[in-house]
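Residues per chain are reported as follows:
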Amino acid sequence: MIGVDWGTTNLRAWRFGPGGAILARAEAPEGLLSGPPGGFCATLLRHCGGWIADGEDLVVMCGMVGSSLGWAEAAYLPCPADPALLAASLTSVHVPGARALIVPGLCCRDAAGRPDVARGEETKAAALIARLGPAAATLVLPGTHAKWVAIGAGQIRGFTTHMTGEVFSALSSHTILARTIAAEAPHDAAAFAAGVVQAREAAGLLHHLFTLRAAALLDGMTPAAARSHLSGLLIGAEILVGTAMAAPPFHVLAESGLGARYGEAFGVLGIGCKAVQGDVTPEGLFAIGALL
């Protein structure tokens, strides 16, 4: 079996052996927006064609490849949904010599009836379900659009999306705060923790944000410290809302440095969490493909 995680900027692929062991892998900056229109099959064959020629006849893909911008739109399934339903709802595309399928996204509504969507995160959740079985948990997926995914009884019960990463980028690059925040700076653990603690204060996030500007003018906050403080403030605010809406235990995906920051913030807030190490996407792809 071949698994592919295909986003707007990158393509990652794995060749699986028995039990999901990764026999080979490929990665390239050839996302959906970089190739010619209709060039998806050619791109896939360029990176995985050798594996198909060697006899791998099943390709399972996830990510934005199944969006309206991708190869074929794989419709959003409503929650709750389990890995078996994901496997039964795959969208087929033509690849010579192989059965090629795209994992659908998910949709749900929050307690107030507001809509939410996910694409790619359902595959990560399938990996955690494979590990935990019917146990209930909340999977925290840091990123540009962070996801808090509730699982239980072997199902993805629902999720919420938080634009934490994108808001950090916008605030630190395109607002008045950009004047007082270093574009690149090493992590400052003390400044980050101070931001997390501030997120607990009752004045509200919009006021807290401007205090960064004032602290630079009056208290000597350095641009490097301001960057970590802003990160802590936003991640802290997300965790406070997320833990109020979701149930423990909280499993934080720690596949990048951003996951480590979330772990720090949970610790500062005195909320327990468990780090999920490594890249779980290939594990999720194999779990879905194994159900076919």
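In the block above lies the structure referred to throughout.
Participant: So what's going on with the nonpolar core? Residues and values would help.
Facilitator: One recurring pattern in soluble globular proteins is that nonpolar side chains are buried together. Residues Val103, Leu106, Val149, Ile151, Ile156, Phe159 and Ile288 are the most contacted members of the largest nonpolar core, which totals 34 residues. When residues in this core are grouped by element, the largest group, five residues, is from helix 3 (residues 121-132). Excluding residues that lie within four positions of it along the chain, leucine 106 makes contacts with Tyr76, Leu77, Cys79, Ala81, Leu86, Asp116, Val117, Ala118, Glu122, Ile156 and Phe159. One finds Leu11, Cys41, Leu44 and Met61 within the second-largest nonpolar core, a separate group that totals 24 residues.

Participant: Any chance you could break down the packing of helix 4 (residues 164-174) against helix 7 (residues 223-245) for me, citing the residues and the numbers?
Facilitator: Orientation of helix 4 relative to helix 7, taken along the N-to-C sense of each, is 150 degrees, at an axis distance of 10 Å. Judged on the interaxial angle alone, helix 7 and helix 4 are roughly antiparallel. Here helix 4 runs over helix 7; the crossing is right-handed. Across the interface between the two elements, Thr164, Val167, Phe168, Leu171 and Ser172 from helix 4 touch Arg227, Leu230, Ser231, Leu234, Ile235 and Glu238 from helix 7.

Participant: Account for the sheet that holds strand 2 (residues 11-16), naming residues and giving values.
Facilitator: Within the open sheet, the six strands sit side by side as 3-2-1-4-7-6. Their pairing is mixed. If you trace the sheet from one side to the other, it starts and ends with strand 3 (22-28) and strand 6 (91-95), each paired once. Averaged over all pairs of adjacent strands, the angle between strand axes in this sheet comes to 20 degrees, irrespective of strand direction. Examined bridge by bridge, strand 4 (residues 58-62) and strand 7 (residues 98-102) share four bridges and lie parallel to one another.

Participant: Before we move on, can you summarise the pattern of salt bridges with the specific residues and values?
Facilitator: For side chains bearing opposite charge, pairing can occur when the charged atoms are close. Applying the stated rule across the entire model yields nine salt bridges. In this structure, aspartate 54 and arginine 15 form a salt bridge, with 3.5 Å as the shortest nitrogen-oxygen distance. Placement of aspartate 54 in the loop between helix 1 (40-53) and strand 4 and of arginine 15 in strand 2 is noted, with a sequence separation of 39 residues between them. Look at aspartate 54 and you get exposed, because its relative accessible area is 56%. We classify arginine 15 as buried; its relative accessible area is 18%. The salt bridge partner of glutamate 264 is arginine 261, with a shortest N-O separation of 2.7 Å. You can see glutamate 264 and its partner arginine 261 sitting in helix 8 (residues 257-268), three residues apart, about one turn around the helix. Judged by relative accessible area, glutamate 264 falls into the partly exposed class, the value being 26%. The partly exposed category is assigned to arginine 261, whose relative accessible area is 22%. What you see here is one network of salt bridges that share partners, running through Asp5, Arg12 and Asp279.

Quick notes on the rules
- Residues numbered from 1 in each chain as written.
- Predicted model: local features only at pLDDT ≥ 70, side-chain atom pairs only at ≥ 80, totals over all residues.
- Heavy atoms only, no water.
- Core = buried A, V, L, I, M, F, W, Y, C linked by side-chain atoms within 4.5 Å.
- Buried < 20%, exposed > 50% of the residue type's maximum accessible area, 1.4 Å probe, protein only.
- Helix = DSSP H or I, 4+ residues; strand = E, 2+ residues; numbered from the N terminus.
- Contact = heavy atoms within 4.5 Å.
- Axes fitted to C-alpha atoms, helices over the stretch in contact; angles between N-to-C directions.
- Parallel < 35°, antiparallel > 145°, perpendicular 65-115°, else oblique.
- Left-handed = near helix turned anticlockwise from the far one by under 90°.
- Pairing = 2+ DSSP bridges.
- Salt bridge = Lys/Arg side-chain N within 4 Å of Asp/Glu carboxyl O.

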